[in-house]
Amino acid sequence: MQQVFTGQAQPSLSVKNSFPIAQHVFIDWQPQGVLVPAASQTFALSVGTHTVTCADSPDPDDHPAVVTESFATGYAYSYDIRP
């Protein structure tokens, strides 16, 4: 994860899919989008702790990568999904 101070009021999370297959993105177990290989998308988050999951299918338990992080005001965060 990378964290950059931007001064923005609401934290954001940019996710890039460097995996060779599409990845389904979930935030706090709620589906947020599907990223094809090499695609990226930015998600607005509320301040606080969130669980971010990337999975091989619409089932968040299908080969998941799961991270729980605290997201703060003033920062933009980024994740790169890699094999």
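Up top is the structure.
Residues numbered from 1 in each chain as written. Predicted model: local features only at pLDDT ≥ 70, side-chain atom pairs only at ≥ 80, totals over all residues. Heavy atoms only, no water.

Enquirer: How would you sum up the side chain of S57? Please name residues and give values.
Expert: Its location among the elements puts S57 in the loop between β6 (48-55) and β7 (65-71). S57 gets classed as buried once you look at its relative accessible area, which sits at 16%. Within polar-contact distance, the side chain of S57 engages the side chain of D62 at 2.9 Å. If sequence neighbours within four positions are ignored, S57 has contacts with H24, F26 and D62. (Helix = DSSP H or I, 4+ residues; strand = E, 2+ residues; numbered from the N terminus. Buried < 20%, exposed > 50% of the residue type's maximum accessible area, 1.4 Å probe, protein only. Polar contact = N/O pair within 3.5 Å; in protein donor to acceptor, adjacent residues only side chain to side chain. Contact = heavy atoms within 4.5 Å.)

Enquirer: Let's hear about the nonpolar core: which residues, and what values?
Expert: Counting 13 residues, the largest nonpolar core has L13, V15, V25 and F71 as its most contacted members. Elements supplying a minimum of two residues to this core: β2 (12-17), β3 (23-27), β6 and β8 (75-81). Looking at which element gives the most residues to this core, the answer is β8, with three residues. Contacts of V25, omitting those with residues within four sequence positions, involve V15, Q30, P31, Q32, G33, L35, F43, T53 and C54. (Core = buried A, V, L, I, M, F, W, Y, C linked by side-chain atoms within 4.5 Å.)

Enquirer: Outline the pairing of β3, supporting the account with residue identities and numerical values.
Expert: Here β3 lies mainly inside the structure; five of its five residues are buried. Of the pairings in the sheet, the one linking β3 to strand β4 (residues 30-35) comprises five bridges and is antiparallel in character. Bridged to V25 within β4 is G33. Joining the antiparallel neighbours β3 and β4 is a turn of two residues, in which D28 adopts a positive phi near 55°. Where β3 and β6 come together, four bridges link them in antiparallel fashion. If you follow H24 over to β6, its bridge partner there is A55. (Pairing = 2+ DSSP bridges.)

Enquirer: Can you lay out the sheet that holds β3 for me, pointing to particular residues and giving the numbers?
Expert: With antiparallel pairing, four strands are arranged side by side in an open sheet as β4-β3-β6-β7. With one partner strand each, in any of the chains shown, β4 and β7 form the two edges of the open sheet. Along the sheet, successive strands turn relative to each other by an average axial angle of 25°, direction set aside. (Axes fitted to C-alpha atoms, helices over the stretch in contact; angles between N-to-C directions.)

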